[in-house]
Amino acid sequence: MWNGPWALGSPQWDIPAVAPHLEYFRATWDDEATFWMPFADFAALFNRIHVCRMFPPTWHQLTLHCGWQGPSAGGPYYLQPHDPAFPATGAAPAADRSPSPSFPTGSADVSISGAGDRPPGPGGGGNGGAPVAPAVSSTWCCNPQFRMTVRKACEVVVCLGQQDPTVSYRSHVPKRHRKRAIGLQVLRVPLESLGRRWEIRSGEAVASLPLSTGREVVASFKASPDYAYVVVPHAGRAGEEGAFILRTLSASPLEVEQLPAPLCLVVGGQWTAFLTGGNRSCPSWGSNPQYMVSCSQRAQVVASLTRLDLKYALIKAPRDPARDLDLVLALPEQGPDGPGRRTAVRDADVVAAASQQQLAGSNEEVVMSVVLEPETPYILVPSISTPGVEAPYELRLMSGVPLELVPLPEMQSVQLPGEWTAETAGGCNVNPLWRRNPKYHIVLTSFGRVRITLSRVPNRKPRHPVDDMLGLYILRAGGPDGEVKGDPRRAVVAESTFVPQPDTTAEYELNGGCHYVIMPCTYGPGRLGRFTLSVSSATSFQFKAL
């Protein structure tokens, strides 16, 4: 309590010139928390003023006590950049040093404030001053989420407060631990939407608070009864745990409910040996680990692929385009035993894909959001751009409904292109020019079963019902050069049935260490066109065009 000049009972109130105005000040004397003092003394004693908004008693208020703990500590929507200047978890967060990317809002009637120091607005950075495209976090959707509705159009104020570390700990708290950042997004969603938000779509964000190290951040927006609103509070970085208080105030009655936590599937794996197939443009892409994904009801799914060696590295390496991550969700390949692995993928077969963000600055993670249809099998394929790069990875799937994730048997797959030209379209072995057909050399490391698929590239030329039938021969070769000595017809160890379909598949058992030549052909000679030849086996092999 102030005891200096103009304090309650001080002689300054007895000055005759003040007597006519005493009635104006008398109402404040009954409140011990209200006092008067000279402005010079006020300026000498205080260096900061907090202006608090006073809400009318008719406003409705709801207070929720919650926290970020374990998987629910999802962090902000955009990943913070890796930089040696940024401290580890528990140190001063990036809010003090880096701006927080903003979101496109769906309404211009938005006001945002924070009770503390905040970083400046969005900026750019990166190599040579070029703008850096922020990478989307795969864990933001795990933060606690709250669904809000109002009965009539009104103003809504959302306050997110964090615990004061100097109060929560009874011992000394280092200064670097006293600045933990918080932020939140308010998303406008259809009224019939009852589940969690897995991503921020264009026009959904009606309020987005940048990271702040203050005790409280506040967002104000105009709410409509025709929509629902999802509030997503988050800490400065993924994994930062702590308690928070969420207060909502509005001029109209409102309802707030916490949405259920997401269901999560996590599987670990490693690109090693022949499983390092490279990205979709590589002929060995089908060798990468593959997973069958399905669900019993329509589901929004967030899938993330993380390189564990980079995630837990003490020194973060800069992005290397040759080691970019690629995650593909495609329709399975239909085989004689039903849907299964893919040896290659076309654009028409891709349901969704997530490749490394070009300016993200890291090869650590890619994130994909997709809607899965019920009772429909999908193939999920993680890969690295360059074949032969070995690394451990983690595959994470998050959804509001149960998912089934089944690893498929490991198998090496290689697809090579080819073409029947005027010189190489020799037809089947009843034709004298048969030996001119394209040839491919294959050798297995040990005895194993191989699956060979010959597919014709579609074209507009009319097909002959007999001459355009597809088939293939397997011949025993004398060495790695693929040379077949003597009459090649006597070197044939297997042949497929010629079929009028645009592709044909056959399986054969081959000896390990023996050299073979695969000869794809049409039934009649002179049938020109392009094709692809795919070979898959659980046994490691070498496959090349001659």
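Cut-offs used in this document
Residues numbered from 1 in each chain as written. Predicted model: local features only at pLDDT ≥ 70, side-chain atom pairs only at ≥ 80, totals over all residues. Heavy atoms only, no water. UniProt positions renumbered as here; feature names shortened; annotations may be inferred. Helix = DSSP H or I, 4+ residues; strand = E, 2+ residues; numbered from the N terminus. Buried < 20%, exposed > 50% of the residue type's maximum accessible area, 1.4 Å probe, protein only. Contact = heavy atoms within 4.5 Å. Areas by Shrake-Rupley, 256 points an atom, 1.4 Å probe, with all protein chains shown as cover. Pairing = 2+ DSSP bridges. Axes fitted to C-alpha atoms, helices over the stretch in contact; angles between N-to-C directions. pLDDT = per-residue confidence, 0-100. Core = buried A, V, L, I, M, F, W, Y, C linked by side-chain atoms within 4.5 Å. Phe/Tyr/Trp six-rings, centres within 6.5 Å; stacked < 30°, edge-to-face > 60°. Lys NZ or Arg CZ within 6 Å of the ring centre and 35° of its normal.

If you check an unreviewed UniProt entry, the protein appears there as Calpain catalytic domain-containing protein from Volvox africanus. Listed in UniProt under the heading Sequence similarities (unreviewed entry), the comment for the protein reads: "Belongs to the peptidase C2 family."

Visitor: Please provide a residue-by-residue account of the overall build of the protein, values included.
Guide: In terms of regular secondary structure, the protein is built from four helices and 30 strands. When burial is assessed residue by residue, the protein has 45% of its 546 residues classed as buried. In the protein, the share of contacts with a sequence separation of at least 24, taken over all contacts with a separation of at least 6, comes to 82%. Of the roughly 27,800 Å² that the protein leaves accessible, carbon and sulfur atoms contribute 54%.

Visitor: Describe the sheet that holds strand β30 (residues 541-545), naming the residues involved and giving the relevant values.
Guide: The strand order across the open sheet built from five strands is β26-β25-β28-β23-β30, with neighbouring strands paired in antiparallel fashion. With one partner strand each, in any of the chains shown, β26 (492-495) and β30 form the two edges of the open sheet. The mean inter-strand angle of the sheet, taken between neighbouring strand axes irrespective of direction, is 25°. Taken together, the seven bridges between strand β25 (residues 470-476) and strand β28 (residues 515-522) define a ladder with antiparallel strand orientation. Opposite Leu 470, over in β28, you have Thr 522 as the bridge partner.

Visitor: Please set out the confidence of the model for the protein residue by residue, giving values where relevant.
Guide: For the protein, mean pLDDT is 82; residues scoring 70 or higher make up 85% of the total. Confidence, read as mean pLDDT per element, is least for strand β2 (residues 110-115) in the protein (38) and greatest for strand β8 (residues 227-235) (94). The low-confidence segment residues 104-131 (pLDDT under 50) makes 54 contacts with residues lying over four places distant or belonging to another chain.

Visitor: Tell me about the nonpolar core, and name the residues and values.
Guide: Within the largest apolar cluster, 29 residues are counted, with the highest numbers of intra-cluster contacts made by Leu 305, Leu 327, Met 368, Leu 372, Leu 380, Leu 395 and Leu 397. Residues within four places of Leu 397 in sequence aside, it is in contact with Leu 263, Cys 264, Leu 265, Val 293, Val 301, Val 302, Ala 303, Leu 380, Leu 403 and Leu 405. Among the nonpolar cores identified, the runner-up in size contains 25 residues, and Ala 73, Ala 219, Tyr 229 and Ala 235 belong to it.

Visitor: Lay out the sheet that holds strand β20 (residues 391-399) with the relevant residues and their values.
Guide: Here four strands make up an open sheet; going across it, the order is β11-β20-β13-β18 and the pairing antiparallel. The sheet is open, and its two borders are formed by β11 (263-271) and β18 (365-372), each paired with just one other strand. In this sheet, neighbouring strand axes are inclined to one another by 20° on average, regardless of whether the strands run parallel or antiparallel. In terms of strand pairing, strand β13 (residues 299-307) meets β20 through seven bridges, oriented antiparallel. Each bridged residue has a counterpart across the sheet, and for Arg 307 the counterpart in β20 is Tyr 393.

Visitor: Please provide a residue-by-residue account of the packing of aromatic side chains, values included.
Guide: Going through the model one piece at a time under the given rule, you end up with 16 aromatic pairs. For the ring pair Tyr 77 and Trp 140, a centre distance of 5.0 Å and an interplane angle of 85° mean the geometry is edge-to-face. With Tyr 77 in the loop between β1 (60-68) and β2 and Trp 140 in the loop between β2 and β3 (146-150), the pair connects residues that are 63 residues apart, well separated along the chain. Tyr 77 sits in the buried class, given a relative accessible area of 8%. The exposure class of Trp 140 is buried, given its relative accessible area of 0%. Taking 4.6 Å as the distance between ring centres and 40° as the angle between the ring planes, the aromatic pair formed by Trp 271 and Tyr 393 counts as tilted. With a gap of 122 residues between them, Trp 271 in strand β11 and Tyr 393 in strand β20 connect regions that are remote in the sequence. Of the two residues, Trp 271 and Tyr 393, neither departs from the other in class, the shared state being buried. A cation over an aromatic ring shows up here: Arg 188 above the ring of Tyr 227, its NZ or CZ 5.0 Å from the ring centre.

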